[in-house]
Amino acid sequence: MTLLQGQAAVDQLLELLDLKQVDAATFEGESPQTGAQRVFGGQVAGQALVAAGRTVDPSRHVHSLHGYFVRPGDPTVPITFHVELIRDGRSFSVRRSTARQHGKTIFFMSASFQVPEEGLDHHTPAPTDVPGPEDVPTIMHWAEKYPDRMAMFKASPRSVDVRYVGVPGWVPPGDRDAEPLQRVWMRLDGRLPDNPLIHACALTYASDMSLLDAVLSTHGEVWGPGGVIGASLDHALWFHRPFRADEWFLYDSASPSASGSRGLASGRMFTRNGRHIASAVQEGLLRRIGG
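So, here's what we can say about the structure. (Residues numbered from 1 in each chain as written. Predicted model: local features only at pLDDT ≥ 70, side-chain atom pairs only at ≥ 80, totals over all residues. Heavy atoms only, no water.)

Observations regarding the overall build of the chain
Within the chain one finds six helices and twelve strands. Taking 2.2 N^0.38 as the reference for a compact globule, 291 residues should give roughly 19 Å; the C-alpha atoms of the chain span a radius of gyration of 18 Å, in line with that estimate. With respect to the three principal axes, the spread of C-alpha positions in the chain is 55 × 45 × 40 Å. A buried classification covers 51% of the 291 residues belonging to the chain. Within the chain, residue pairs in contact and separated by at least 24 positions form 72% of the contacts whose partners lie at least 6 positions apart. Entry remark: accessible area of the chain is about 13,900 Å², with carbon and sulfur atoms responsible for 53%. Considering the chain, the positive charge centre built from 28 side chains and the negative charge centre built from 32 side chains are found 4 Å apart. (Helix = DSSP H or I, 4+ residues; strand = E, 2+ residues; numbered from the N terminus. Rg over C-alpha atoms; globule rule 2.2 N^0.38 Å. Buried < 20%, exposed > 50% of the residue type's maximum accessible area, 1.4 Å probe, protein only. Contact = heavy atoms within 4.5 Å. Areas by Shrake-Rupley, 256 points an atom, 1.4 Å probe, with all protein chains shown as cover. Lys, Arg positive; Asp, Glu negative; His and termini not counted. Charge placed at Lys NZ, Arg CZ, Asp CG, Glu CD.)

Here it is, written out as structure tokens:
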């Protein structure tokens, strides 16, 4: 199978985000046919945000979303998204977007949109001890080093250029030391339209990549045989400042807690010039498996 990457993979992602409108509050989305057993969580979250955003005045930009993954998505059938109008106020609009398959909810999200306003402005500084994206290994570097761990990844479209500052979470057991931070450079690997909603949805898609790695990194653990299997339980994302998802941003993540087979991870996203553009928090189910 030829690896779909670069602009071709980004164009496919844009097609996935271009939902079919069924009626004023109902939309339908597809999934890429890669042989995966379940829909990638970032995809359904990004599509749910597209559906919500289609019902809001374009002058209002999303500033936060909170979603719950309820059931695994089936990539072989379409996903239906229903949007509930919760409120349209003078400054904010709130929507609830529910994804359903086979008559059951697989994901739901609340999202809030705001009219641009001026106000107080500050943020914590970006890390300064991080090499740039050109100075860290590419995904294909790791794929060549661990081909048996990357077979499924290489068969999937690569719309996001992901470059780990440290060691990825999917290397074999014993090849990853415990580290308190997980830092990853990311960008959409092609050009996106100028529509701010598309960039927010693309960032939502990317934000589900590598975040739970921070939980495993704390223990030097890995995904897959001999390590841990997991799934996202919920996901929250706050958009702080304008950005382009097709330009490099640093995903700086850590895990404040893990217990009860669940792990919590939080991440901050910074542009190359140090602007804090977004923050994410996710809890995941993490269970040890055999080799």
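Once you've had a look at it, read on.
Digging into the environment of Gly 190
Residue position: Gly 190 is located in the loop between β8 (182-188) and α5 (196-207). The class of Gly 190 is buried, set by a relative accessible area of 17%. Along the sequence, Gly 190 and Gly 284 sit 94 residues apart, while their C-alpha atoms lie 29 Å from each other. The residues contacting Gly 190, other than those within four sequence positions of it, are Gln 7, Val 10 and Asp 246.

Topic: the packing of aromatic side chains
Under the defined criterion, the tally for this structure stands at six aromatic pairs. Here Phe 69 and Phe 107 contribute two aromatic rings whose centre-to-centre distance is 4.9 Å and whose plane-to-plane angle is 45°, an arrangement assigned as tilted. Taken together, the residues span a long stretch of sequence, with Phe 69 in strand β3 (residues 61-69) and Phe 107 in strand β6 (residues 104-114) at a distance of 38 residues. Pair check on accessibility: Phe 69 and Phe 107 agree, each one buried. (Phe/Tyr/Trp six-rings, centres within 6.5 Å; stacked < 30°, edge-to-face > 60°.)

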